[in-house]
Amino acid sequence: MSTDEGGPRARILAATTKLLSEGGQEAVSTRAVGAAAGVQAPTIYRLFGDKQGLLDAAAAEGFAAYLSDKTELEPTDDPVADLRAGWDLHLEFGLANPALYLLMFGRERPGTTPPPAAVSGFEVLATHIRRIAEAGRLRVTEERAAQLVHAAGSGTTVALISQAEERRDTELSVLAREAVIAAITTDTPAAEAPGPVGAAVALRAALPGTSVLSEAEQVLLREWLDRIARQ
């Protein structure tokens, strides 16, 4: 959250978030934000650079607040169950904060840098995927798994946001979630069943904890394991 509680930055972000929730991105202008926050336009430009910087900061602030409120749950012994919980929290955030969510995930375009809040969200997802890999239950590479969950999760959330609330079918999220989990995970650790792909993925995830290989050897081994995992 903002460190200048009650100061201009906090007031500007609060005003921006309120305008976003009430009217979407179209309702946010430096004039409207300045009037609501009691500051002049030069103050907004000094603190945030431009309107897009302000919008990115508001999205990051909202997502950080959500994470601190909703994801303080201790990891369980089942990383796949934790991924399910993370998916559901992601959807909950999107439906509760549609304007912020679309600001984070609805404007991704090829060659553009994702907003900081979207990067933070992907890092949370990558942590879930890494734990599944370390447990030997990932059937594809970590990168592919994270990209698939991200694409399916954000796409489903955007689709549900676009539906009228009274017609919204949240069961679509459950179906999409389970289809993705079935595609990227196994029921048991790969070490208990034959097959090189799962074993390669699990060993790849454990490499950062090893110290017996040189950096060059680790790079080479990662390349070999990635090639096996992608076969």
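Refer to the preceding data block for the structure.
Caption draft 1: Spatial organisation of the overall build of the chain. Helices and strands together make up the secondary structure of the chain, namely 11 helices and zero strands. Along the chain, from the amino end to the carboxyl end, the secondary structure elements read α-α-α-α-α-α-α-α-α-α-α. Per-residue burial for the chain yields a buried fraction of 40% across its 231 residues. Pairs at least 24 apart in sequence give 70% of the contacts found in the chain among residues at least 6 apart. Put simply, the chain shows about 12800 Å² of open surface, and 55% of that area lies on carbon and sulfur atoms.

Caption draft 2: Fine view of the pattern of salt bridges. Tallied over the entire structure, the rule returns seven salt bridges. One salt bridge connects glutamate 22 with lysine 18, and the closest N-O pair in it is separated by 2.5 Å. Taken together, the residues span about one helical turn, with glutamate 22 and lysine 18 both in helix H1 (residues 8-23) at a distance of four residues. In this structure, a network of salt bridges that share partners links the residues Arg84, Asp88, Arg177 and Glu178.

Caption draft 3: Fine view of the packing of helix H5 (residues 79-96) against helix H7 (residues 116-134). It is the contact of H5 with H7, at a shortest axis distance of 8 Å, that shows an interaxial angle of 160 degrees. Taken together, the axis directions place H5 and H7 in an arrangement best described as roughly antiparallel. When the axes of H5 and H7 are compared, the crossing they make is left-handed. Seen from H5, the contacting residues are Pro79, Val80, Asp82, Leu83 and Gly86; seen from H7, they are Leu125, His128, Ile129, Arg131 and Ile132.

Caption draft 4: How the structure looks around the packing of H5 against helix H6 (residues 98-105). Where H5 meets H6, the axes come as close as 5 Å, and the angle between the chain directions of the two elements is 115 degrees. It follows from the interaxial angle that H5 and H6 lie roughly perpendicular. For the pair formed by H5 and H6, the contact residues are His90, Phe93, Gly94, Leu95 and Ala96 on the first element and Pro98, Leu100, Tyr101, Met104 and Phe105 on the second.

What counts as what
- Residues numbered from 1 in each chain as written.
- Predicted model: local features only at pLDDT ≥ 70, side-chain atom pairs only at ≥ 80, totals over all residues.
- Heavy atoms only, no water.
- Helix = DSSP H or I, 4+ residues; strand = E, 2+ residues; numbered from the N terminus.
- Buried < 20%, exposed > 50% of the residue type's maximum accessible area, 1.4 Å probe, protein only.
- Contact = heavy atoms within 4.5 Å.
- Areas by Shrake-Rupley, 256 points an atom, 1.4 Å probe, with all protein chains shown as cover.
- Salt bridge = Lys/Arg side-chain N within 4 Å of Asp/Glu carboxyl O.
- Axes fitted to C-alpha atoms, helices over the stretch in contact; angles between N-to-C directions.
- Parallel < 35°, antiparallel > 145°, perpendicular 65-115°, else oblique.
- Left-handed = near helix turned anticlockwise from the far one by under 90°.

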